[in-house]
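Structure at a glance
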Amino acid sequence: DQQVKQNSPSLSVQEGRISILNCDYTNSMFDYFLWYKKYPAEGPTFLISISSIKDKNEDGRFTVFLNKSAKHLSLHIVPSQPGDSAVYFCAASDDRGAQKLVFGQGTRLTINP
Amino acid sequence: GAGVSQSPRYKVAKRGQDVALRCDPISGHVSLFWYQQALGQGPEFLTYFQNEAQLDKSGLPSDRFFAERPEGSVSTLKIQRTQQEDSAVYLCASSSQAGALASAQYFGPGTRLLVL
C-alpha cells in the first residue's frame with residue numbers, strides 16, 4: 001500500500017521555465033511534508049517542508065503548496081536551472097511521534113538548456 | 001559544519017556473510033534514522049533512535065537486521081547472514097528534534113551494499 005505517490009516518473013522542462021512536481025498521499029494522519037532532491041551516488045538533500053497548518057511555504061526559487069482536502073502537494077521551482085536536474089522525492093510524517101518519513105517513488109526532473 | 005557521514009560507502013558481501021554499516025550523525029542531533037532504498041524506489045524506514053534508545057524498529061525486515069546507538073551518537077546497522085535481497089542503499093539520517101516535534105531529517109551519502 002503506497003501511502004505517498006508520485007505518479008510522474010520523469011519530467012522535462014526548459015531552462016528558465018517553471019517546474020511543477022506533484023505528490024499525492026492517502027494517510028489523513030500525515031501532518032508534515034517535505035521535499036528532497038537527490039543526485040546520483042549522494043544521499044537525499046532537504047529542500048523545503050510544510051506543516052499541515054499551512055497551505056504554502058516559499059524559500060527562494062522553491063515553493064511548496066499543500067491541499068489537504070485533496071491530499072495533494074506540489075513543488076514549484078521557478079525559474080528552473082540546469083543544476084535542478086535530479087530526482088525529487090516527496091515525503092510525509094504523521095503526528096504520532098518519531099517522525100519517520102514515508103517517501104514517494106521519486107520524479108526525475110531534467111532541465112533542458 | 002559537518003553533515004552526516006556513513007562508512008563504508010560501498011560494500012560487496014558474499015551471501016551468508018555478516019556486515020556492519022556505520023553512521024556518524026550531525027553533532028548534537030538527538031534523533032537518528034536508518035532507511036533502505038532499493039533501486040528505483042524511495043527510501044523505506046527501518047528504525048529510529050532517540051539518543052541511545054531505539055524507539056521504533058518496525059521497519060526492520062527480519063531478525064537478521066540489528067541496529068544500535070550505545071552512546072547516543074554513532075550508530076551501527078548490522079546485517080547477519082546477508083542474502084541477495086538485502087542488496088540496496090542504506091541511508092542514515094539525523095534530526096535535531098525528538099518525539100512529536102516535526103523537523104527536517106538530514107541524510108548521509110548512504111552505503112551501497114551488494115550481496116553476491
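Refer to the structure presented above.
Residues numbered from 1 in each chain as written. Chains lettered and ligands numbered in written order. Predicted model: local features only at pLDDT ≥ 70, side-chain atom pairs only at ≥ 80, totals over all residues. Heavy atoms only, no water.

**Some remarks on the overall build of chain A**
For clarity, the threshold we go by: Secondary structure elements follow DSSP: runs of H or I no shorter than four residues count as helices, runs of E no shorter than two count as strands, and numbering proceeds from the N terminus. Three labels apply to residues, based on accessible area from a 1.4 Å probe with only protein chains included: buried if under 20% of the type maximum, exposed if over 50%, partly exposed otherwise in between. The contact criterion used throughout is that any non-hydrogen atoms of two residues lie within 4.5 Å. The accessible surface values rely on the Shrake-Rupley method and a 1.4 Å probe; as for residues, cover is taken only from the protein chains in view.
Regarding its fold elements, chain A presents zero helices and eleven strands. N-terminal to C-terminal, the α/β element order of chain A is β-β-β-β-β-β-β-β-β-β-β. In terms of overall dimensions, chain A has a C-alpha envelope of 45 × 30 × 20 Å along the principal axes. A burial count over chain A gives 47% of its 113 residues as buried. Long-range pairs, those at least 24 residues apart, make up 55% of the contacts in chain A with a sequence separation of at least 6. As displayed, chain A offers around 5,400 Å² of accessible surface, 47% of which is attributable to carbon and sulfur atoms.

**Remarks on the pattern of salt bridges**
Note the threshold: Any Lys or Arg side-chain nitrogen found within 4 Å of a carboxyl oxygen on Asp or Glu counts as a salt bridge.
Inspection of the entire model under this criterion finds five salt bridges over all chains. Asp84(A) is the salt-bridge partner of Arg61(A), the closest N and O atoms lying 2.8 Å from each other. With Arg61(A) in the loop between strand E6 (56-59) and strand E7 (62-67) and Asp84(A) in the loop between strand E8 (72-77) and strand E9 (86-94), this residue pair connects regions lying 23 residues apart in the sequence. Residues Glu68(B) and Lys78(B) are paired through a salt bridge, measuring 3.4 Å at the closest nitrogen-oxygen approach. One end of the pair, Glu68(B), is in strand E7 (residues 65-68); the other, Lys78(B), is in strand E8 (residues 75-79), with ten residues separating them in the sequence.

**Digging into the sheet that holds E7(B)**
All names here are of chain B. Our working rule: The criterion for strand pairing is that DSSP finds at least two bridges linking the strands in question. To obtain each axis, a line is fitted to C-alpha atoms, and for helices this fit is confined to the stretch in contact; angles are then taken between N-to-C directions over 0 to 180 degrees.
Reading across from one edge, E1-E3-E8-E7 is the order of the four strands in this open sheet, with antiparallel pairing throughout. Two strands lie at the open edges of the sheet, namely strand E1 (5-7) and E7, each paired on one side alone. Taking the axes of each pair of neighbouring strands and ignoring which way they run, one obtains an average angle of 15° across the sheet. For E1 and strand E3 (residues 19-24), the ladder comprises three bridges, and the chain directions are antiparallel. By the bridge assignment, Ser7 is partnered in E3 with Arg22.

**Things to note about the pairing of strand E4 (residues 31-37) of chain B**
Residues and elements named next belong to chain B. For E4, a buried count of seven out of seven residues is recorded, marking the element as mostly surrounded by other parts of the structure. Along E4, one buried face is formed by Ser31, Phe33, Tyr35 and Gln37 and the opposite face, lined by Leu32, Trp34 and Gln36, is buried too. Where E4 folds back onto strand E5 (residues 44-50) in an antiparallel hairpin, the turn is made up of six residues, including Gly40, whose phi is positive at roughly 80°. The pairing of E4 with strand E9 (residues 88-95) spans seven bridges and is classified as antiparallel. By the bridge assignment for E9, Phe33 is matched with Ala93.

**Here we look at the nonpolar core**
Filter applied, for reference: Here, the term nonpolar core denotes a set of buried Ala, Val, Leu, Ile, Met, Phe, Trp, Tyr and Cys residues that are joined through side-chain atoms within 4.5 Å.
Counting 23 residues, the largest nonpolar core has Phe33(A), Trp35(A), Leu73(A), Leu75(A) and Tyr88(A) as its most contacted members. The element that contributes the greatest number of residues to this core is E9(A), accounting for four residues. Ignoring any residue separated from it by four or fewer positions in sequence, one finds Phe33(A) in contact with Tyr25(A), Ile48(A), Ser49(A), Ile50(A), Leu66(A), Leu73(A), Ala91(A) and Ala92(A). Core analysis: the second largest hydrophobic core is formed by 20 residues, Trp34(B), Leu46(B), Phe49(B) and Phe65(B) among them.

Keep in mind these numbers describe shape, not what the thing actually does.
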